[in-house]
Amino acid sequence: MTEPSKVIHIRNVGHEISENDLLQLVQPFGPVNKLVMLRAKNQALLQMHDLPSAVNVLQYYSNVQPSVRGRNVYIQFSSHQELTTADQNSQGRRGDQDSQPNRILLVTIHHMLYPITVEVLHQVFSPHGFVEKIVTFQKSAGFQALIQYQSRQSALQARTALQGRNIYDGCCQLDIQFSNLNELQVNYNNERSRDFTNPSLPTEQRGRSSQSGYGDAGGLYALQPGARVAFAQMGNAAAIAAAFGGGLPPGISGTNDRKLMRTSFLICFQYMATS
C-alpha cells in the first residue's frame, strides 16, 4: 500500500473528462489546493487541502466505484506528498501539451454534435478580450482551434472561465490549453479562419485548405454557397433547420422554441455574421 498522502493519483481520465469534473468528484470531502492533468497518460494528480480530506476520499471510493461521464476512474494515494511547481511544469504541462501561459490558446472540442465555425468561437471567446485571429482545423484529437488574443491576460482569463464548459447544452465541450506558438498566420478570412485585424484578406479558393500548416477542416460543416439567408427573420426552428441543410438535427424539435433558444442562438449568430 502507498503511504497516505494529500496528493491523489487518478487513472483512466479520458479526454472527455475536464478539471471541473474531477473537482466535483472530490470537493465534497474538502478543498482542493492543486490539480494537474496528465492528458498524455490519461491521468491526473490532485492535492487536497489536508491529509484527513484525502484519506476520506480514498475511504469512500474504496467502497463506491467512482465514475465520471460514464467512465470508471481509479483513485489511489500518490507517491508525492506535495505537488510542487516543478511537478506541475514537468508532469502536468508536458502531459497536457500545455506550455507557459501566452496569448494563443489551443482549443479541442469534444462531443461535437453541432457545427462550430469561426463565428461561434468568436462569440464564445471575445467577451474575455480582443480576439485577433482564429484558425480551425481537424486533427486526430478531433476538431481544434487556435485562438490568438491581443494580450496574454485575456487568454488566461478565457481559459480560467471556459475550461470544461459546453458551448451548447450537453455537448461541444471546451478543452483549452496554452499553445507554444508565438503568432498565428492567417491567409484567408472565411468560416474556418479569420484575421480580425485584417478584414481585407481574401476568402480561399475552392478546393484549397485555408490553413494547411495547422490542419485541414475543409468540408466539415461547410456552408453551401446559397445558404446565406437572413436568420434574424426566421424562427428558431427554421434557423436550426437551415443551418443543418434543411433538416433539424437529432433530438431537436421545432415545436419547443424555449428549448431551441438555448441551442440556436450561437448557430443563428454565425450565419447572420456571414449574411
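Observations regarding the packing of aromatic side chains
Think of a pair of aromatic rings as described by two things: how far the centres are apart, and how the planes are tilted against each other in angle.
Argument step 1. Applying the stated rule across the entire model yields four aromatic pairs.
Argument step 2. Pairing Tyr60 with Tyr61 gives two aromatic rings, centres 4.9 Å apart and planes at 80°, and the pair type is edge-to-face.
Argument step 3. The class of Tyr60 is partly exposed, set by a relative accessible area of 41%.
Argument step 4. Taking the relative accessible area as the measure of exposure, Tyr61 reaches 16% and is therefore buried.
Argument step 5. Judged by centre distance (5.1 Å) and plane angle (85°), the rings of Tyr114 and Tyr168 are edge-to-face. Note that Tyr114 is positioned in the loop between strand E7 (104–110) and helix H4 (118–125) and Tyr168 in strand E10 (residues 166–168), a separation of 54 residues in sequence.

Some points on the sheet that holds strand E2 (residues 32–38)
Argument step 1. Spatial ordering of the open sheet is given by E2-E3-E1-E6, a layout of four strands whose pairing is antiparallel. Edge positions in the sheet fall to E2 and strand E6 (74–77), since each has one partner strand and no second. Shown here is a sheet whose adjacent strand axes are inclined to one another by a mean of 20°, direction ignored.
Argument step 2. With six bridges joining them, E2 and strand E3 (residues 43–48) adopt antiparallel strand pairing. If you follow Leu38 over to E3, its bridge partner there is Gln43.
Argument step 3. Against the sheet, helix H1 (residues 19–26) makes contact with strand E1 (7–11), E2, E3 and E6, and its axis sits at roughly 135° relative to E2, the strand it touches most.
Argument step 4. Of the strands in this sheet, E1, E3 and E6 are in contact with helix H2 (residues 51–61), which crosses E6 at around 140°.

Quick notes on the sheet that holds strand E11 (residues 171–178)
Argument step 1. With antiparallel pairing, six strands are arranged side by side in an open sheet as E10-E11-E7-E9-E8-E12. Across the chains shown, the open sheet's two edge strands, defined by having one partner strand only, are E10 and strand E12 (193–195). Strand-to-strand twist in this sheet, taken as the mean axis angle between neighbours without regard to direction, amounts to 25°.
Argument step 2. Bridging between E7 and E11 involves six bridges; their strand directions are antiparallel. Looking at E11, one finds that Leu106 is bridged to Gln177.

So, the confidence of the model for the chain
Argument step 1. Overall, the prediction assigns the chain a mean pLDDT of 74, with 67% of residues at 70 or greater.
Argument step 2. In this model residues 89–98 is a low-confidence stretch, pLDDT under 50, and it forms 26 contacts with partners more than four residues away in sequence or in other chains.
Argument step 3. Low pLDDT (under 50) marks residues 215–275, which in the prediction has 92 contacts with non-local residues, meaning those over four places away or in another chain.

Digging into the pattern of salt bridges
Argument step 1. Considering all chains together, one arrives at ten salt bridges under this definition.
Argument step 2. Linking Glu19 and Arg159 is a salt bridge whose minimum nitrogen-to-oxygen distance equals 3.9 Å. Note that Glu19 is positioned in helix H1 and Arg159 in helix H5 (residues 152–162), a separation of 140 residues in sequence. The two residues Glu19 and Arg159 agree in class, both being buried.
Argument step 3. Asp175 serves as the salt-bridge partner of Arg39, at 3.7 Å between the closest nitrogen and oxygen. Taken together, the positions of Arg39 in the loop between E2 and E3 and Asp175 in strand E11 put the pair 136 residues apart, joining distant regions of the chain. Assigned by exposure class, Arg39 and Asp175 land together as buried.
Argument step 4. Here the residues in one salt-bridge network are Arg103, Glu132, Lys133 and Glu183, joined through shared partners.

Calculation criteria
Residues numbered from 1 in each chain as written. Predicted model: local features only at pLDDT ≥ 70, side-chain atom pairs only at ≥ 80, totals over all residues. Heavy atoms only, no water. Phe/Tyr/Trp six-rings, centres within 6.5 Å; stacked < 30°, edge-to-face > 60°. Buried < 20%, exposed > 50% of the residue type's maximum accessible area, 1.4 Å probe, protein only. Helix = DSSP H or I, 4+ residues; strand = E, 2+ residues; numbered from the N terminus. Pairing = 2+ DSSP bridges. Axes fitted to C-alpha atoms, helices over the stretch in contact; angles between N-to-C directions. Contact = heavy atoms within 4.5 Å. pLDDT = per-residue confidence, 0-100. Salt bridge = Lys/Arg side-chain N within 4 Å of Asp/Glu carboxyl O.

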